[in-house]
Structure formats: structure tokens, C-alpha cells
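# Commentary on secondary and tertiary structure
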Amino acid sequence: NGAAQEVVLIPNTGREPHHGPARQAVTFARRLAAEGVASLRLDFAGLGDSASPPGKEGMRSHVFHVDRTANVRAAIDRLEALGYRRFAMQGLCSGAYHAFQGALADERISTLMLVNIPLFKLPGGDVKGYLDQRWLPPLHYVRRLMSADRWRAVLHGEVDLVRAARGQFVHVPAHAIDRATSVVRRIGVVGEPSFARRSMATLSRRGVRTLFLFSPGDGDRDIF
């Protein structure tokens, strides 16, 4: 039947193994199974319980900076050989980012559920610094550095000033570009669509069903 041919891929969240944080992936997979839908919980190469490439067995791969589309394709190839014909992906945080990229790269993916996706395209430089600092305005740091206690924390290495600066170097231009783009669209000047808009248009043309979910109060919703 149709359900027997459908399968959901559930990739890593961060460096967590395929059981997911607080066994979230296991719970989700069991709920799918109760509805007659198969799933595959997978660890990308070098994450969770998955070994890194030969010669780098002791190294863990970067959560964001490694292209996972080959892993996604390999998983779908294997599932296709087992008789599955419809493929969905569900990802949380970095898993959502890689699921989104996987759907762009492999046209066999027809459904996406993306939970708290933190970005659509990697920024230049320090991703973690960007994610930590992206929604904080520069004035936030100016005010905090007016405090003597804050300077003592910086001098004692308790505050990573370099990471904060890197995040702002990405955040400030991006914020300015977003505002400028909004203005030109309002006055009727057609601007170059963002990577996210172009990507969503591509998925829409293919008929990919995409559901975005965000935690209440989570900053990712504002970024989205």
C-alpha cells in the first residue's frame, strides 16, 4: 500500500547520536510506526555513532560545515533498493538545515518538516558565533561593556569577545541588507531574491511539501 512505500529520514541534531536529544528521534519514529510509516534515523559521517572517513576515525566532523548531501543520497539509494518510493525528511536545528539542503540536492525528497531551522545558508566565518550573536544589536554589547564587571569578565577570559565581534560582523551587514531589500521591494524596485526565497521557489515548483515549526519564544522564528 502507499504507507508501506513511504519513509521518513531523521538525521542528527548537532552531535547527538540518532536517538536524538532526550530521545526525541526515537519517540518520533515510534509515532510514525504507529501510523504505519517507516523511518530511518541516521548519523551523518563523523557524528553520533557514525565513523569518520578512513584516516580520520578519531575526529568528529563539523556540525554545519560539512556537506551532507552525499550521505542523504546514499541513504535514499539504499531505501529505494528496499522498495521505498516516497521520501520525507524531518530535522531539528542543524538537522533541519541539512534536510533542507538535501531536498534541494535530491529531487526524490517530496516532504520536509523543519524544526527550529537556524539558517538557510552558511555565513562566512564562525557559524557558532553567528548563531549565538545574530539577533543581538550592536548596542547590546556597547551597554554591557560599560559595566566594570563585564570588563573584568573579558579580562579573565569569561567572555569570548572575539566570537561576539565575529557574530556582529555578520549580523550588521545582513541586517542592513535585509532592511534595504525590504525598502526596494516596497517602492516597486525588483531586487535579487535571497537564497532562501530562490530555494523555496525551487522546492515549490517541484511540489515539495514543506512545514516549518518553531518553539515558542525561540529566536529562530524572528530570524526566519
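The following paragraphs examine the structure supplied in this document. (Residues numbered from 1 in each chain as written. Predicted model: local features only at pLDDT ≥ 70, side-chain atom pairs only at ≥ 80, totals over all residues. Heavy atoms only, no water.)

### Describing the packing of helix H2 (residues 69-81) against helix H3 (residues 94-105)
The N-to-C vectors of H2 and H3 enclose an angle of 65 degrees; their axes lie 9 Å apart at closest approach. Comparing the axis directions of H2 and H3 gives the class roughly perpendicular. For the crossing formed where H2 meets H3, the hand is right-handed. Of H3, the residues touching H2 (which contributes Thr69, Val72 and Arg73) are Gln101, Gly102 and Ala105. Considering only residue class, the contact of H2 with H3 consists of two nonpolar, three polar and one charged. (Axes fitted to C-alpha atoms, helices over the stretch in contact; angles between N-to-C directions. Helix = DSSP H or I, 4+ residues; strand = E, 2+ residues; numbered from the N terminus. Parallel < 35°, antiparallel > 145°, perpendicular 65-115°, else oblique. Left-handed = near helix turned anticlockwise from the far one by under 90°. Contact = heavy atoms within 4.5 Å. Nonpolar A, V, L, I, M, F, W, Y, C, P; charged D, E, K, R; others polar.)

### Examining the sheet that holds strand E1 (residues 6-10)
Taken in spatial order, the five strands line up as E2-E1-E3-E4-E5 in an open sheet, and their pairing is parallel. Both outer strands of the open sheet, strand E2 (38-41) and strand E5 (209-213), are each paired with one neighbouring strand and no more. The mean inter-strand angle of the sheet, taken between neighbouring strand axes irrespective of direction, is 15 degrees. On top of the sheet, H2 reaches E1, E2, strand E3 (86-92) and strand E4 (109-115); it is set at about 155 degrees to E1, its chief contact. (Pairing = 2+ DSSP bridges.)

### Things to note about helix H1 (residues 24-34)
Within the span of H1, buried status applies to Ala25, Val26, Ala29 and Leu32. Taken end-on, H1 shows its buried residues confined to a sector of 125 degrees, consistent with a single buried face. Exposed side chains of H1 directed beyond 90 degrees from the buried face belong to Arg30, Arg31 and Ala34. Buried-residue contacts for H1 involve E1 and E2. Gly36 lies just past H1 and shows a positive phi near 85 degrees. (Buried < 20%, exposed > 50% of the residue type's maximum accessible area, 1.4 Å probe, protein only. Arc of directions from axis to C-beta.)

### Focus on the packing of H3 against helix H8 (residues 195-205)
For the pair H3 and H8, the least separation of the axes is 10 Å and the interaxial angle reads 55 degrees. By the angle class used here, H3 and H8 are oblique. Handedness of the H3/H8 crossing: left-handed. Counted together, Phe100, Gln101, Ala103 and Leu104 of H3 and Phe195, Ser199, Met200, Thr202 and Leu203 of H8 form the full contact between these two elements. Of the residues in the contact of H3 with H8, the class split is six nonpolar, three polar and no charged.

Without other data, these values stay purely geometric and don't point to any function.
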